[in-house]
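# Observations on chain architecture
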Amino acid sequence: MSLDATVIVPTLGGAERLPRLFAALEEQVGTAYECVVVLDGEVDDSATVVQAWSTRIPVRTVVFQENQGRSAALNAGRAAAQGRVLIRCDDDLAPAPEFVARHVAHHAGPEPVGIVGMCPEVFPDNAYVRAYGNANDHLVRESSYALSAEEGWRRWSANVSVTDETWDRVGPYDDAFRVYGWEDIDWGYRLHLLGIPVLVPRDLKAPHHNPATSATERAERAYHSGASRRVFEAKHGRDALGADRLAMNSPWNVAVRATGGVLRSDRAVRAVGRGVDGLLPRVPPSVGHKLVALLVEGSGAAARR
């Protein structure tokens, strides 16, 4: 039987996350698919979890004895895939029953496309989420839906798809991205350079169950992401990302650059983040939002330096 799709799942220490994803995949309707889980290092009981689910969903594994990074995991998943449409789905997502079929449908046309689905954050209720998390998540999603087909590559991440032919035209994910993030944006940019439009439809949302839940955690992610952005810029040039907004001397950008000047290490980011988290329950949400935004953008700016 030919397969419409392969769902490629890179995972590291995912034993507690994978059952939620597998339960969602068990409910898939309307298409023939397989799931390839790439265990990026044996650090927990993930292999046992996959084996337990193998009688319920069409899942198999590729196992790395040691961690090789997400790029290597994605490339190994592609090498093992037998489906025509290749869907990256991270292990902390919980897609709807039509998830695979809708990805496949978006590739039914004669021309190649890249498809990006949004991942709404599933938050607890706390001061950080009320001040910043919910609002920022909504802003990211709505701004993503507004992107043109020439700009959609900027959102290439955890819930994306192309055909096998298109993947092979772009080539493998770059394993130079080992810190945090940007291996996906690099791949999306290379897709864009081939002249392939990248669409962000509204019908492919997959809730994300592993968001940052504090200012400290969100800032640390921004700091490590900023370091990976430097790898991207060294590879493609700064012009690939368009104008550098932080270079403009608005009061906000001056404040971000000044904050970045203080945050000279991940230890500094954590220390300031804990201070902001301590303030959030005691200040109005509008003030808290500004504090977190300044910390997050400053952390990214610090790492880019």
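Our structure is the block above this text.
This structure is a prediction, so every number in the text was calculated from the model and none was measured.

### Regarding the nonpolar core
- With 27 residues, the main nonpolar core has Val7, Phe22, Tyr33, Cys35, Val37 and Val100 as its most contacted residues.
- Put simply, the parts of the chain that give this core at least two residues each are strand 1 (5–11), helix 1 (18–26), strand 2 (33–40), helix 2 (46–53), strand 4 (85–89) and helix 4 (99–105).
- Look past the residues within four positions of Tyr33 in its chain and what remains in contact with it is Leu3, Ala5, Val7, Leu25, Glu26, Gln28, Ile57, Pro58 and Val100.
- Core analysis: the next-biggest nonpolar cluster, separate from the first, contains 26 residues, Trp153, Val160, Ile185 and Tyr189 among them.

### Let's talk about the pattern of salt bridges
- Inspection of every chain in the model, using the stated rule, returns 20 salt bridges.
- A salt bridge links Asp168 to Arg78, with the nearest nitrogen and oxygen atoms 2.8 Å apart. Taken together, the residues span a long stretch of sequence, with Asp168 in helix 6 (residues 164–170) and Arg78 in helix 3 (residues 70–80) at a distance of 90 residues.
- Judged by relative accessible area, Arg78 falls into the buried class, the value being 16%.
- Salt bridges sharing partners connect three or more residues here, namely Arg70, Arg88, Asp90, Glu183 and Asp184.

### Looking at the packing of aromatic side chains
- In total, this model carries nine aromatic pairs according to the counting rule given.
- Here a set of aromatic residues connected by ring pairs shows up, and it is made of Trp153, Trp182, Tyr189 and Phe232.
- When the ring centre of Trp53 is taken as reference, the NZ or CZ atom of Arg56 above it lies at 4.0 Å.

### Let's talk about the side chain of Asp90
- Examined against the element boundaries, Asp90 turns out to sit in the loop between strand 4 and helix 4.
- In terms of polar contacts, Asp90 uses its side chain to reach the side chain of Arg88, at 2.9 Å.
- Discounting residues that sit within four places of it in the chain, Asp90 has contacts with Val9, Pro10, Leu21, Arg70 and Ala158.

### Topic: the packing of helix 5 (residues 127–145) against helix 11 (residues 285–304)
- Taken N-terminus to C-terminus, the directions of helix 5 and helix 11 make an angle of 60 degrees; their axes are 8 Å apart at the nearest point. With respect to each other, helix 5 and helix 11 are oriented oblique. Relative to helix 11, helix 5 is oriented so that their crossing is right-handed. Between helix 5 and helix 11, the contacting residues are Tyr128, Arg130, Ala131, Tyr132 and Ala135 on the first element and Pro285, Gly288, His289, Val292, Ala293 and Val296 on the second.
- For the contact of helix 5 with helix 11, the class distribution of residues is eight nonpolar, two polar and one charged.

### Focus: helix 8 (residues 215–236)
- Given a rise of 1.5 Å per residue, 22 residues ought to cover 32 Å, and the 31 Å separating the end C-alpha atoms of helix 8 matches this to within 8%.
- Within helix 8 the residues assigned to the buried category are Ala215, Thr216, Ala219, Arg221, Ala222, Tyr223, Ser225, Gly226, Ser228, Arg229, Phe232 and Glu233.
- One or two steps after helix 8, the chain reaches Gly237, where phi turns positive at roughly 90 degrees.

### Focus: the pairing of strand 4
- For strand 4, the buried fraction is high: five of the five residues fall into the buried class.
- Alternating positions in strand 4 separate into two faces, Val85, Ile87 and Cys89 on one and Leu86 and Arg88 on the other, with burial throughout.
- Where strand 1 and strand 4 come together, four bridges link them in parallel fashion. Bridge pairing in strand 4 places Ala5 opposite Val85.

### A word on the sheet that holds strand 5 (residues 114–116)
- Pairing is mixed in the open sheet, where seven strands are placed in the order 3-2-1-4-6-5-7. The sheet terminates laterally at strand 3 (59–64) and strand 7 (198–199), the two strands that pair on one side only.
- Relative to the sheet, helix 1 contacts strand 1, strand 2, strand 3 and strand 4, its axis offset from that of strand 2 by approximately 170 degrees.

### A word on the packing of helix 8 against helix 11
- The geometry of helix 8 relative to helix 11 is characterised by a closest axis approach of 7 Å and an angle of 30 degrees between their N-to-C directions. In terms of axis orientation, helix 8 runs roughly parallel to helix 11. Classified by chirality, the crossing of helix 11 by helix 8 is right-handed. Contact residues: Ala215, Arg218, Ala219, Ala222, Tyr223, Gly226, Ala227, Arg229, Arg230 and Glu233 in helix 8; Val292, Leu295, Val296, Ser299, Gly300, Ala302, Ala303 and Arg304 in helix 11.
- Its residues assigned to classes, the contact of helix 8 with helix 11 comprises ten nonpolar, three polar and five charged.

### Overview of helix 1
- Along helix 1, the positions that sit buried rather than exposed are Leu18, Leu21, Phe22, Ala24 and Leu25. The arc enclosing the buried residues of helix 1, seen along the axis, measures out at 160 degrees, which places them on a common side.
- Those residues of helix 1 that are buried are in contact with strand 1, strand 2, helix 2, strand 3 and strand 4.

Cut-offs applied
Residues numbered from 1 in each chain as written. Predicted model: local features only at pLDDT ≥ 70, side-chain atom pairs only at ≥ 80, totals over all residues. Heavy atoms only, no water. Core = buried A, V, L, I, M, F, W, Y, C linked by side-chain atoms within 4.5 Å. Buried < 20%, exposed > 50% of the residue type's maximum accessible area, 1.4 Å probe, protein only. Helix = DSSP H or I, 4+ residues; strand = E, 2+ residues; numbered from the N terminus. Contact = heavy atoms within 4.5 Å. Salt bridge = Lys/Arg side-chain N within 4 Å of Asp/Glu carboxyl O. Phe/Tyr/Trp six-rings, centres within 6.5 Å; stacked < 30°, edge-to-face > 60°. Lys NZ or Arg CZ within 6 Å of the ring centre and 35° of its normal. Polar contact = N/O pair within 3.5 Å; in protein donor to acceptor, adjacent residues only side chain to side chain. Axes fitted to C-alpha atoms, helices over the stretch in contact; angles between N-to-C directions. Parallel < 35°, antiparallel > 145°, perpendicular 65-115°, else oblique. Left-handed = near helix turned anticlockwise from the far one by under 90°. Nonpolar A, V, L, I, M, F, W, Y, C, P; charged D, E, K, R; others polar. Expected span 1.5 Å × (residues − 1). Pairing = 2+ DSSP bridges. Arc of directions from axis to C-beta.

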